[in-house]
Amino acid sequence: MTQVYLPRTLTELWTYLDGEPEALIYTGGTDLLVKMPAENANTAPALICLERLGELRCIRETADSILIGSTTTHAELLRHPLILAQLPVLAQALQTLGSPLIRNMGTIGGNICTASPAGDTLPPLYILEAEVELHSRKAVRILPIREFISGPGKTQLQKGEILSGVAVKKPADYNIHHFEKVGQRKSMACAVASMAALLRLSPSGLIEAARLALGSVGPTVVTATAIDESLIGKKLSLTSLAATAERIRQLVAPIDDVRASADYRRTVSGNLLLRLLDARTQ
Amino acid sequence: MNAYIPEIGKPVPRADAVAKATGAEKYAVDHYGDNIVWAGVRRAGVAHGRIRHLDTSVASLLPGVIAVLTGRDVPGTNRQGIIHKDQPVLADEKVRHCGDAVALVVAEDRATLQKALSLIRVEIDPLPGVFTVDDALRPDAPLVHEDHPQGNVLLKATIHSGDGQVALEGCDIILEETFHVPVQSHAFIETENGVAWQERGGKVALVVSTQAPFRDKWEISHALGLPLDRLHIIGPYLGGAFGGKDGATVQCLLVLAALHTGGRRVKMWWNREESFIAGYKRHAVRMHYHLGARTDGTLQALHCRLYYDTGAYAHLGGEVMALGMEHAGGPYRIPHTLIEGWCVYTNNPIAGAMRGFGVAQVSFAFEGMMDLLAVKLGMDPLELRLKNALLRGDRNASGVTLTQSTGIADCLTAVQHHSLWHERKAWKKEAPPFHKRGVGIAAVFNAMGYGRGLPDSALAKVELTPEGRIRVYSGVSDMGQGNTTAFVQIAGQILCQDHTAIELIQPDTERTLPSGSASAGRTTYTYGNALIKACEELRRRLTGRAALMLLSDTLDDLELLPGRVKNLATGREIPLTALAAMMSPEDRVCISQFLMPVVRDKLDTGKEFVIGFPHLLFSYAAHLVCIEVDELTGVIDIKAYLAATEAGRVLNPQAFEQQVQGAIAQGIGYALSEEVLLQEGRIVNPDFATYIIPGALDIPEIVSLAVETYEPSGPYGMKGVGEVGMNGPLPSIAGALADASGIHMTRSPLTAERVLAALQNQQEHP
Amino acid sequence: MTIHFILNGEKTTLNVTPDRRAVDVLREDCGRTGTKEGCGAGECGACTILVDGESRLSCLMLAAQLEGRKITTIEGMAVRDSLHPLQNAFIRHGAVQCGFCTPGMILAATSLMNHNPHPTRADIRAGLSGNLCRCTGYQKIVDAVEAAVRLEEEKS
């Protein structure tokens, strides 16, 4: 039998963690509990479920940022006017994440800590330059998400530390927010390839700023300043996008798995860029 | 809901819907019981090998373990199987696929069970495996069953009509193509499970999720050496089956376990992964086609060679192939045919029955050939099909004269007149950027009933209960297809009782009578026919006995009405409760048998089929699909779907649509995403995260048109409608893709990856 | 451990091991077998329940997480003999075939309607996109939810 703790405050959490330093931590359980055999929940020394940790379940706005507590569920984010108005690229990604049931349970903190190359919130968070807040009994530290996630399923989270929140700078000057995921069906689909994009188009239609991130085509989310910069000053045209698409295909490092081949992922990761021709400015 | 008489032809709500929608219905899996124990299986995990060492001692000593059993502990033949008894309950010396059961554990709880299973030491010396049909057919191939006289060929068979293959030579046009379809999983939501216990006196009762409770009894008896009268099988409503619960899954294992629990109930419930690994599958098939036609589009000759991969055990492999071969020519007049089939053992998972039994596979091929021919001739694909569509009185591709209702031409005409067909050109022009649109059609059919060689029989039993209610004892399972509701309608129609006064008993070998399996689109047809006779007899009895009570000297004055019989001449009535009290128990019960008619042509072909060939009755459908192909991703999005279906008369429009829509959804999964992926016989996608069945967003709105005919042999003119819808989506979607892009895919499913590769290839090599 | 929760309106106290799955506790200890299990991995939705009114997968919740919650299973949807409008609609519109997904579908639809009282057919499909059905092709399920929505709209 494994003990399950449900801390209501951070103070309680630290106490439980002191007693069970090897405990596994989860909130929605949509990742951790799937991996555990049904018959005997697990062999972990203890489980700590953060679903009742109210301090971490919040969405707040500051002058230049939006702060999201790590145990905020995907569904809560999708219903929140701040997210819908300020972070449409994240909202679009959340809409494709799992299913309504998964979104009712899974949290943004969980999606980040799982650090799957296919994590749906990750490409948007990368281009939004999100920073994660890591909390332990003694300290708080802040890391850019791209530094926090170090590999597939790997993060910089230390023993005794939890991911407490995400801070996202308001991307005020982008007028195109775009996310697309290719999966094997329209819901409950693990991304075979995905792309998040932020673009600023001038009134004359020139790309003034661009940020792209690609999911499921490398060990972690793929971004590249050179790719972003290659779009700057160009018109949003098939020719300019096709050239950058080819660079993307050369940049990404996908793998073959049960869902798709590396070749397919490579081709599609470039192709997804062409969809920006249809993207509407906001 | 107010009481109503559930009449034939009305959209009567399901008899089982209230219990199911309130959570009250007890499926097999909902049976527990006090002091229950759990059984589970250790599986081979190796596709082909000899068991060198099997050590259960550590597991046996684990506290909470009640029994650990191996092949040596199986009394009887230790062989199960529907026709061919070739599958061990527990492996004896050899394993033939990864899912073979090697040891059976019974434990106090699930945690102990899992622990004990992991403590069993199994050492298997791997043998070279055969994982493709070609490997299996090599002269030096390792044998899956050393004792099978034809080596790895379970069955080789031929259907021949007219001048056969020779006639191809005289054709204006000969087209050749090879098609491949993969293994499909039934993916019912209630996985294989049951509960068994030994009663005082030694009888073993088994509540099990099964399509064939009476056959289960024989199978268990044979495998475990138990006399039939020691077995009692109870088959509640199933949480889906689609063919996958036709044949033993947990049955023999559970009864064996129950012999070791001292009367305690023992439950086995496969989890999803085990269901994938050990459960039955749809056959993967490779199909080589040669089709010959005249320049005006008249089909002349067909030669095909079909290779069915049946996996490690026979199950119904030969019969599945037989039905596929019988349908290999499509619902078309082809005077000269040679259809050859090989059903081959491999070390892959076991293939068996699944909705569209062998036919879903060949539908892809024969409709693919029709699309190719239409392109070659520059003909409208619908006109081409209509021109060759079978009519009543024609001979089909097996040489059988169609003496019964034959509605494929009417189905095609219904599609032709639909706006989705005649407005297709305008619709296609409106494709959004980076997308192509296409419209495809398919003409499909599906035989019903067992076919010659196996009596397709049902025994209906209906009772007037002491409470004055009507109780129908169904001997044929309801896995969700809704035959129960049809039985309520038949009883309601004939006996004129409110739906609230009609009870249905689900199959139970001690209460109901053998009526065959829930399969082959036969449940309502065969049992329904028997039930009509039984209800008519009961009606005669009720009025006849009421005559005595109502002092009526003629039955003509008497009318059976809800809850009573009335003498119309005198106005006097007798409640059914009073009538029941007067009647003896045996007088209150009527039993009747129906035997399905069979083909009368004397065919000089298909001699290799002991059972299951040929068939008398077919249901027909024409499907139309509108798709959008994303040129950037290869994703096919289905925008609209139309099905015109002929299955005789419609007894219940709602139930008819349910079957059509549900089958199409399964067919769409088969067309676009469903594929059991195998590596050396091991399933690499044994879960719903990687074996992709469609969700609510993946299925379009489906328009269902009933093209009614009257089938004289059917109950109220009906034929089975459960299977035919499964056969249309793959060919129609492939046709729509060809229409959109010019690409004729010959390998399914049409995944985004395959489609994008084909689009790219087309661009590079126009 | 001892847990206290409200199950279908009734105060419930159970002695359970905390790491058992909620679906097992509901089915085996509480006898609420209307809560089904189809995959044990959050992929099929058959085990959907309402936790404080929100749809959740009970195969991905542990017994300890039931503590203090208001749990609704399919058995708690009808008020005495009066079926929930969604149950009536599922029955009337032919949304039930094998019925194994039905409890989860009805509870997922309840949650959908709580958040969006006026869903379109597309919204309904999206709202039920975590619940797999292998029998119906979904159309009659969408019909049923749509009918229940219309009925509620007429009432208000």
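Residues numbered from 1 in each chain as written. Chains lettered and ligands numbered in written order. Predicted model: local features only at pLDDT ≥ 70, side-chain atom pairs only at ≥ 80, totals over all residues. Heavy atoms only, no water.

Engineer: Which parts of the structure should I look at to understand the overall build of chain B?
Structural biologist: Secondary structure assignment for chain B yields 19 helices and 32 strands. The C-alpha atoms of chain B give 27 Å as radius of gyration, which agrees with the globular expectation for 766 residues (27 Å, within 12%). Along the first, second and third principal axes, the C-alpha set of chain B runs to 85 × 75 × 55 Å. The buried share of chain B, taken over its 766 residues, is 67%. Partitioning the intrachain contacts of chain B with sequence separation of at least 6 by distance along the chain shows that 80% fall at a separation of at least 24. Accessible surface for chain B amounts to roughly 24,700 Å². Of this, 51% is attributable to carbon and sulfur atoms. (Helix = DSSP H or I, 4+ residues; strand = E, 2+ residues; numbered from the N terminus. Rg over C-alpha atoms; globule rule 2.2 N^0.38 Å. Buried < 20%, exposed > 50% of the residue type's maximum accessible area, 1.4 Å probe, protein only. Contact = heavy atoms within 4.5 Å. Areas by Shrake-Rupley, 256 points an atom, 1.4 Å probe, with all protein chains shown as cover.)

Engineer: What should I look at first to understand the domain arrangement of chain C in this one?
Structural biologist: As a measure of interface size, the accessible area lost when the parts come together is often cited. Residues and elements named next belong to chain C. Split into domains, chain C comes out as domain 1 (2–76) and domain 2 (85–155). On a C-alpha basis, the centroid separation for the pair domain 1 and domain 2 is 21 Å. Counting residues at the interface gives 16 residues for domain 1 and 14 residues for domain 2. At the junction of domain 1 and domain 2, the tally comes to zero salt bridges. Here domain 1 is connected to domain 2 by five residue pairs in polar contact (both at pLDDT 80 or more). Of the residues contributing to the side of domain 1 that touches domain 2, the split by class is five nonpolar, seven polar and four charged. (Domains from an automatic or database assignment. Salt bridge = Lys/Arg side-chain N within 4 Å of Asp/Glu carboxyl O. Polar contact = N/O pair within 3.5 Å; in protein donor to acceptor, adjacent residues only side chain to side chain. Nonpolar A, V, L, I, M, F, W, Y, C, P; charged D, E, K, R; others polar.)

Engineer: Before we go on, may I ask you to explain the sheet that holds strand β13 (residues 207–215) of chain A in this structure?
Structural biologist: Strand pairing in a sheet relies on backbone hydrogen bonds, with the paired strands running either antiparallel or parallel. All names here are of chain A. Reading across from one edge, β11-β12-β13 is the order of the three strands in this open sheet, with antiparallel pairing throughout. Edge positions in the sheet fall to β11 (176–182) and β13, since each has one partner strand and no second. Pairwise comparison of adjacent strand axes, ignoring direction, gives a mean angle of 10° for this sheet. Two strands pair when backbone bridges link them, and strand β12 (residues 193–201) and β13 are joined in this way by eight bridges, in the antiparallel orientation. If you follow Leu-198 over to β13, its bridge partner there is Arg-211. Contacts from helix α4 (residues 88–95) reach β11 and β12 within the one sheet, and its direction differs from that of β11 by about 20°. (Pairing = 2+ DSSP bridges. Axes fitted to C-alpha atoms, helices over the stretch in contact; angles between N-to-C directions.)

Engineer: I would appreciate a short explanation of a nonpolar patch on the surface in the present structure.
Structural biologist: All names here are of chain B. Nonpolar side chains collect at one region of the surface, where Leu-548, Met-549 and Met-582 lie side by side and expose about 270 Å² of accessible area between them. Among the secondary structure elements, Met-549 is positioned in helix α15 (residues 523–549). On the basis of relative accessibility, which here comes to 33%, the residue Met-549 falls in the partly exposed class. (Patch = residues over 30% accessible without salt bridge, like charges linked within 9 Å, V, L, I, M, F, W, Y side chains within 5 Å.)

Engineer: I'm lost on the packing of aromatic side chains in this one. Help?
Structural biologist: Residue and element names in this part refer to chain B. All told, the structure shown has 16 aromatic pairs over all chains when counted by the stated rule. Ring plane angle 85° and centroid distance 6.4 Å describe the contact between Tyr-332 and Phe-366, whose orientation is recorded as edge-to-face. Taken together, the residues Tyr-332 in the loop between α8 (317–326) and β19 (336–345) and Phe-366 in helix α9 (residues 359–377) connect sequence positions 34 residues apart. Phe-366 sits in the buried class, given a relative accessible area of 3%. Residues Phe-618 and Tyr-620 carry aromatic rings whose centres are separated by 6.4 Å and whose planes lie at 45° to one another, so their mutual orientation is tilted. When sorted by exposure, Phe-618 lands in the same class as Tyr-620, which is buried. Cation over ring: Arg-43 sits above Trp-270, and NZ or CZ is 4.8 Å from the ring centre. (Phe/Tyr/Trp six-rings, centres within 6.5 Å; stacked < 30°, edge-to-face > 60°. Lys NZ or Arg CZ within 6 Å of the ring centre and 35° of its normal.)

Engineer: I tried to follow the environment of B:Leu62 on my own but got confused; where do I start?
Structural biologist: Note that B:Leu62 resides in the loop between α2 (57–61) and β3 (65–70). Leave out the neighbours within four places in its chain, and B:Leu62 touches B:Thr112, B:Lys115, B:Ala116 and B:Leu119.

Engineer: Just to check I follow, could you spell out the sheet that holds strand β4 (residues 59–61) of chain A for this structure?
Structural biologist: Residues and elements named next belong to chain A. Strand order in the open sheet made by the five strands is β4-β5-β10-β6-β7, with antiparallel pairing throughout. Both edges of this open sheet fall to β4 and β7 (140–144), since each of them pairs with a single strand only. For this sheet the average axis-to-axis angle between neighbouring strands, irrespective of direction, equals 25°. Two elements, β4 and strand β5 (residues 65–69), share three bridges in a ladder whose sense is antiparallel. Residue Ile-59 lies in a different strand from β5, and its bridge partner there is Ile-68.

Engineer: Is there a simple way to think about the domain arrangement of chain B in this case?
Structural biologist: Residues and elements named next belong to chain B. Taken as a whole, chain B is organised into domain 1 (17–26 + 457–595), domain 2 (31–127 + 192–269) and domain 3 (281–451 + 602–764). The gap between the C-alpha centroids of domain 2 and domain 3 is 37 Å. For the pair domain 2 and domain 3, the summed buried area comes to about 1,400 Å², and 58% of that belongs to carbon and sulfur atoms. For domain 2, the biggest contributors to the area lost against domain 3 are Asp-86, His-97 and Phe-242; these three give 34% of the whole. Seen at the junction of domain 2 and domain 3, the total is zero salt bridges. Applying the counting criterion to the domain 2 and domain 3 interface returns nine residue pairs in polar contact (both at pLDDT 80 or more). Here the side of domain 2 that touches domain 3 is built from residues that sort into six nonpolar, seven polar and four charged. (Buried area = accessible area lost by both parts, 1.4 Å probe.)

Engineer: Help me understand the interface of chain B and chain A in this model?
Structural biologist: Counting residues at the interface gives 28 residues for chain B, matched by 22 residues for chain A. Together, B:Phe434, B:Leu632 and B:Glu753 form the three largest contributors to the area buried by chain B at its contact with chain A, with a combined 26%. In this structure, A:Arg275 and B:Asp630 form a salt bridge, with 2.4 Å as the shortest nitrogen-oxygen distance. Counting across the chain B and chain A interface gives ten residue pairs in polar contact (both at pLDDT 80 or more). Of all the secondary-structure elements, those providing two or more residues to the side of chain B that touches chain A are α3 (110–119) and α19 (752–764) of chain B. With four residues, the top contributor of residues to the side of chain B that touches chain A is α19(B). A breakdown of the residues in the side of chain B that touches chain A according to their chemical character gives 14 nonpolar, eight polar and six charged.

Engineer: Help me understand the pattern of salt bridges, please; the structure alone is not making it clear to me.
Structural biologist: A side chain with one charge can pair with a side chain of the opposite charge if their charged atoms come near. Applying the stated criterion to the full structure yields 76 salt bridges over all chains. Residues B:Glu537 and B:Arg541 are paired through a salt bridge, measuring 3.0 Å at the closest nitrogen-oxygen approach. Here B:Glu537 and its partner B:Arg541 are both found in helix α15, four residues apart, which amounts to about one turn of the helix. The class for B:Glu537 is partly exposed, based on a relative accessible area of 27%. Given a relative accessible area of 16%, B:Arg541 falls into the buried group. Among the ionic pairs, C:Arg121 bridges to B:Glu701, the shortest N-O distance being 2.8 Å. Taken as a pair, C:Arg121 in helix α4 (residues 121–127) and B:Glu701 in the loop between β31 (682–683) and β32 (702–706) lie in two separate chains rather than in one. On the basis of relative accessible area, C:Arg121 is assigned to the partly exposed category, the value being 21%.

Engineer: I keep staring at the packing of helix α10 (residues 238–251) of chain A against helix α11 (residues 262–274) of chain A and nothing clicks. Help me out?
Structural biologist: Helix-helix packing is characterised by the crossing angle of the two axes and by the distance between the axes. Residue and element names in this part refer to chain A. With their axes 8 Å apart at the nearest point, α10 and α11 run at an angle of 155° to one another. It follows from the interaxial angle that α10 and α11 lie roughly antiparallel. Both α10 and α11 take part in a crossing whose hand is right-handed. The residues of α11 that touch α10, namely those facing Leu-238, Leu-241, Ala-242, Thr-244, Ala-245, Ile-248 and Arg-249, are Arg-266, Thr-267, Ser-269, Gly-270, Asn-271, Leu-273 and Leu-274. In terms of residue class, the contact of α10 with α11 is built from seven nonpolar, five polar and two charged. (Parallel < 35°, antiparallel > 145°, perpendicular 65-115°, else oblique. Left-handed = near helix turned anticlockwise from the far one by under 90°.)

Engineer: Explanation requested: the nonpolar core in the structure shown.
Structural biologist: Across soluble globular proteins, nonpolar side chains show a tendency to be buried alongside one another. Counting residues in hydrophobic clusters, the biggest one holds 244 residues, and the most contacted among them are B:Tyr289, B:Leu306, B:Val462, B:Ile733 and C:Phe90. The element contributing the most residues to this core is α15(B), with eleven residues. Formed by 71 residues, the second largest nonpolar core is a distinct cluster that contains A:Val4, A:Ile59, A:Leu78 and A:Phe148. (Core = buried A, V, L, I, M, F, W, Y, C linked by side-chain atoms within 4.5 Å.)

Engineer: I would appreciate a short explanation of unusual backbone geometry in the present structure.
Structural biologist: A negative phi angle characterises most non-glycine residues, just as the trans form characterises most peptide bonds. All names here are of chain B. Here Phe-613 and Pro-614 are connected by a cis peptide whose omega angle stands at -10°. Topologically, Pro-614 is positioned in the loop between β27 (589–595) and β28 (617–630). Along the chain, Ser-748 connects to Pro-749 via a cis peptide bond; the corresponding omega equals 0°. Positive phi, normally seen in glycine, also occurs at Ala-520, with a value near 60°. Note on placement: Ala-520 falls in the loop between β23 (502–505) and α15. You can call Ala-520 buried: its relative accessible area is 19%.

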